[in-house]
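What follows is the residue order along each chain.
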Amino acid sequence: MDLLKSFHSLEKKLKKCSDVSLSEEKQVDMKRRIMEAVVQREVVNEPAFAKLIEKIKEIAEQLSPREHFRVLLKEKLLMIAHFQASRRFFLPAWCRTTFVRRAFASGLAFVFVFTVLFNSTFKIELAQASFLTSLESVSGEVEIVRDGSVIVGDAGFILKADDVIRTGEDSKAIIKFLDQSVSRLDENTEIKISRLFVNPLNKTETTVEVVLNKGRLWSRVINLINNLSSFQVKAHNALAVAKKKAAFDVSISSKGQAKVSAVKNKVDLVVATERKVVETTLVKGFSAEVKSEVNTGLPKVSQEKPDVDQDKWVLDNLVQDQAYIETVKQDVKDQMQDQVKMLPGNPLYAVKELSESTKLVLTFDDFDKQKKVVMVAQEKLAEAEVLLEKGDAIGADPLLKEFQSQVEGVQQWALAFDGTHPVEVMELRTMISSMLDGYEKQLAVILPDDSLYALKTVIGDTKVSIAAGPVKKTEEKLSQATEKLNEAHDLVEQGNQAGAVQQVQEYKNAISDVVSEVKQMPSDDKEKAVSAIIDTKAEDLKSLEALVSQPETATAEAKPVVAVEQLSTGTATPFAQIPEPTIVIQGTSSPLVPGTDTLMVGGSSTIGLITKQSVQPDVIVPATQEPVVVTELGAGGIAKPSPAQTAELKKTVADAKTETLTQLGEAVLEVQQNKVSVPVMQKLQDIKKMDMNGKPLMDITLSRDKVTIKSDGDVISVTPPPVITPQTTNLKTPESLPVQP
Amino acid sequence: MSLKDPQTEAEIELLVVTAQKGSSEAFGKLYDIFVNPIYRYIYYRVGAGDAEDLAELVFLKTWENIRQYRKGESSFSSWIFRIAHNVVVDHYRAMHPSDELSEEIADHRRESSATATAHRRFDNELLSVAMAELKDRYRQVLILKYINDLSNEEIGYIMGKTQAALRILQFRALRSLKKVLERRGISGLDV
């Protein structure tokens, strides 16, 4: 009985167990997981997938990059790696160093000779469709040859790499490139665009390569800021390379002779022959003629002589360049204004600020939050731009300061996570540097007399303040100093000699500050900083030389002004608004008397003065804030500044050159005092090989206690200060190193 | 040379250590090992036009950051492919900064370039076109798994996914690719 009772009890319990079951929801969920696991195992076993996988692998294994690309990229990487290993710092601007530039030039020359000898070109496709190259305007007969088809060229036509553009008789074309450079084709000219490149991660890094097959091509480069950027024109075995700002002309004569002329700033020239490669820099006013046969001669470098036809071509292009630069400036202002939703002073501005703060608080991912901070900073900059345009510099100042401090804050924050989140930090840093570089490029055309100059200054200051480490800061300061020289060039072009003098002075002061800071650095950093100084100084010397270089005008004739078709008294009609910019219209006729009359050209315009009954203006007066005294109207048509102003600029430039050479000597001596520096020695050797206008740029000789530098007739010797001993404490210690010009 | 081969892995790690000390020769050898896989990865993700330029950027960034690589966190293969992934993502953003880059959405920019003509021959061109029609994450997992031959662990690190999630993703990616190929006249028996 007891056993039966226990069986019944057990039976009841067992029956209760059968009531236990999974809920329907859990059943469905479990089935899903099991079926997924089953299916996954099928992946490998299903014959169709197995065959598909095999086929994918087979096809992909046959894919590899072009051999040419593989080899060139490896060379480039090894060069960078070698430099970092020997210099213990990374030079993203790998083309900046003298040695690497020469290695690059040699590599380029090798490619060049290969191209010339085997008549092949290298095809590198446009990497970034949003940076366009287009036909800006056409007149007459213009054709484009693309993939074997001939297309009629119209204004607005988008151009690609490998396109060939031809102009016929009495025809012209203007091309605007993806880097904002512009080229103008004369009649009976043919060019091929061989490369158009924009780095998708840093859009200020661009490369444009053009081949001139026949005719004449004027090129104006207005704002390349990245040291890896270049604008190149190849004609036969001559290659002209502009790296920052330049105006240059390349032509091929009917006899097949190529000629490169530097009209503004400077342009590097590489000429490849069968026996050797020649590299030099042409500064303003100098040209080089290159014979067509590859196995003869070196380029013939000479100073430009006045030529009526040449002057007309040059003059027309310079006028159009000025008009183009003004449109670029206006575009910059318009783009920044478009970003502004609301300005300080608007009753709702506080609400906008609150909304931005709220957005930042609600961004939970730290890196996203920092990116948003950068975007907010950009809005501040845009607001400052609008206020500056309105003349409210006081209102703009706090916004500019806020921009700088926000960007610095983000950079500082990123440093803390560099080791743990390298990829995310790299992304943030890339965002900041791309942003600043983008602004720097846009604002490169802005000059000290422009309302937006404060923006340009704050961008430069921010780049310096966020530079990582003393050496990077030195490099950035040197870059900002060089920009002063570029501004001086632009000011000279506008006839503003006083402004140019001011900028050269600021350049000198900036370099002095840098050199003083470098002297205080620890020896490892000092060596790297001195390397950077040597690189910069060599290029700056060329820029200084270009500032005061002029084409020969010994036989220039003054052109008396017969009549003025348009006279500006402060509100000139901008050339951009005139349908045919070379025709001057309107106004009352009024003769100008040289030596007596003055002209004031307001705003950002230029006007043309017609001296005869011709349609083309013979004289151009560039925009200037100061009255231009019509003292002399020389060949080339630019109203010349007074002799006193010219003399002052020359003197300032000469002082700057002397100081540049002295500081270079001091910097080298600083390094040599501690130890013999192989990299610095190597750089000095490389500088000895640098050419300008067909002649050596400078010669540097080191002895134990002295550095002697010879350049263009100047000889500078720098010695260390005397050592103070107890017996000689009554003697004064010189504050600076003695210089014996 | 397979990146999964243990001898290759050991060789790679040794080269990395040497390169971190500044050896350009070691970095050159790493370049030789990875240039084809990285190029293929980028080629099938963004196309021929930009592949070289982006591949160059990957190696420049690799050199720039090589000292920050730590063996314990991931293999070097994973690390360099992670850089490649970020370069591609930045490229997408640079081309269309206003678009939210969602892996859920098929890359319509690439769809518009795909031809509708049926291909009978399964070659690189067809594979590229077919891959272009897939969602980006499907494309990525196929490239990393079957073209670059990485392990699921490595792929998980690069894509930020668990192993289980990856297996499902691989299956779905293959199934999608198979459907695309079938629409173009390539059935399972024809491959």
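Residues numbered from 1 in each chain as written. Chains lettered and ligands numbered in written order. Predicted model: local features only at pLDDT ≥ 70, side-chain atom pairs only at ≥ 80, totals over all residues. Heavy atoms only, no water.

A closer look at the overall build of chain B
Thinking step 1. Secondary structure assignment for chain B yields nine helices and zero strands.
Thinking step 2. Each helix (α) and strand (β) of chain B, taken in turn from the N terminus, gives the series α-α-α-α-α-α-α-α-α.
Thinking step 3. Taking all 191 residues of chain B together, the buried fraction comes to 60%.
Thinking step 4. Counted over contacts in chain B with a minimum sequence separation of 6, partners at least 24 positions apart contribute 66%. (Helix = DSSP H or I, 4+ residues; strand = E, 2+ residues; numbered from the N terminus. Buried < 20%, exposed > 50% of the residue type's maximum accessible area, 1.4 Å probe, protein only. Contact = heavy atoms within 4.5 Å.)

A few points about the confidence of the model for chain A
Residues and elements named next belong to chain A.
Thinking step 1. When pLDDT is averaged along chain A, the result is 72; 65% of the residues meet or exceed 70.
Thinking step 2. Confidence drops under a pLDDT of 50 for residues 108-130, and excluding neighbours within four residues, the segment shows 52 contacts in the predicted structure.
Thinking step 3. Predicted confidence for residues 623-639 stays below pLDDT 50, and this span has 56 contacts to residues more than four positions away or in other chains. (pLDDT = per-residue confidence, 0-100.)

As for the nonpolar core
Thinking step 1. Of all hydrophobic cores here, the largest spans 87 residues; its most connected members are I165, F248 and M698 of chain A.
Thinking step 2. In this view, M698 of chain A contacts A538, L541, L661, L664, I687, K688, I709, K710 and S711 of chain A; residues no more than four positions away in its chain are not counted.
Thinking step 3. Ranked by size, the runner-up nonpolar core spans 75 residues in total, among them L73 and L77 of chain A together with V16 and F122 of chain B. (Core = buried A, V, L, I, M, F, W, Y, C linked by side-chain atoms within 4.5 Å.)

Looking at the interface of chain B and chain A
Thinking step 1. On the side of chain A, 50 residues touch chain B, which itself brings 55 residues to the contact.
Thinking step 2. In total, about 5,100 Å² of surface goes out of reach between chain B and chain A, with carbon and sulfur atoms giving 66% of it.
Thinking step 3. Applying the counting criterion to the chain B and chain A interface returns one salt bridge.
Thinking step 4. Two residues, D32 of chain B and K74 of chain A, come together in a salt bridge whose shortest N-O distance is 2.8 Å.
Thinking step 5. Where chain B meets chain A, there are six residue pairs in polar contact (both at pLDDT 80 or more).
Thinking step 6. Where the side of chain B that touches chain A is concerned, the elements lending two or more residues are α2 (24-46), α3 (48-65), α4 (76-95), α6 (124-132), α7 (136-147) and α9 (163-183) of chain B.
Thinking step 7. If one sorts the elements of the side of chain B that touches chain A by residue count, α3 of chain B sits on top with 14 residues.
Thinking step 8. Classifying every residue of the side of chain B that touches chain A by side-chain character gives 26 nonpolar, 11 polar and 18 charged. (Buried area = accessible area lost by both parts, 1.4 Å probe. Salt bridge = Lys/Arg side-chain N within 4 Å of Asp/Glu carboxyl O. Polar contact = N/O pair within 3.5 Å; in protein donor to acceptor, adjacent residues only side chain to side chain. Nonpolar A, V, L, I, M, F, W, Y, C, P; charged D, E, K, R; others polar.)

Considering empty space enclosed by the protein
Residues and elements named next belong to chain A.
Thinking step 1. All chains considered together, the criterion is met by 12 cavities of 30 Å³ or more.
Thinking step 2. Roughly 140 Å³ of volume is contained in the largest cavity.
Thinking step 3. Taken together, 13 residues make up the lining of the largest cavity; nearest its centre are R220, K245, I325, D490 and E493.
Thinking step 4. Elements with a minimum of two residues in the lining of the largest cavity: β9 (202-221), α6 (308-338) and α12 (469-493).
Thinking step 5. With three residues, the single largest contributor to the lining of the largest cavity is α6.
Thinking step 6. Considering only residue class, the lining of the largest cavity consists of five nonpolar, three polar and five charged. (1 Å grid on protein atoms, 1.4 Å probe; cavity = no way out; pocket = protein on both sides within 12 Å on 5 of 7 lines; lining within 4 Å. Points joined across faces, edges and corners; volume = space filled by probe spheres on them.)

Some details on the pairing of strand β15 (residues 286-290) of chain A
Each regular strand shows side chains that alternate between the opposite faces of the sheet.
Residues and elements named next belong to chain A.
Thinking step 1. The element β15 is largely enclosed, with a buried count of four among its five residues.
Thinking step 2. Pairing analysis gives four bridges linking strand β13 (residues 258-272) to β15, with the strands arranged antiparallel. Within β15, the position partnered with V260 by the bridge is A288. (Pairing = 2+ DSSP bridges.)

A few points about the packing of α2 of chain B against α4 of chain B
Residues and elements named next belong to chain B.
Thinking step 1. Contact pair α2 / α4: the axes reach a minimum separation of 11 Å and the direction vectors enclose 35°. Seen along the crossing, α2 lies across α4 with a hand that is right-handed. Taking contact as the criterion, the partners of L30, F34, P37, I38, Y41, I42, R45 and V46 in α2 are, on α4, F76, S77, I80, F81, A84, H85, V88, H91 and Y92.
Thinking step 2. Residue composition of the contact of α2 with α4, grouped by class: 13 nonpolar, three polar and one charged. (Axes fitted to C-alpha atoms, helices over the stretch in contact; angles between N-to-C directions. Left-handed = near helix turned anticlockwise from the far one by under 90°.)

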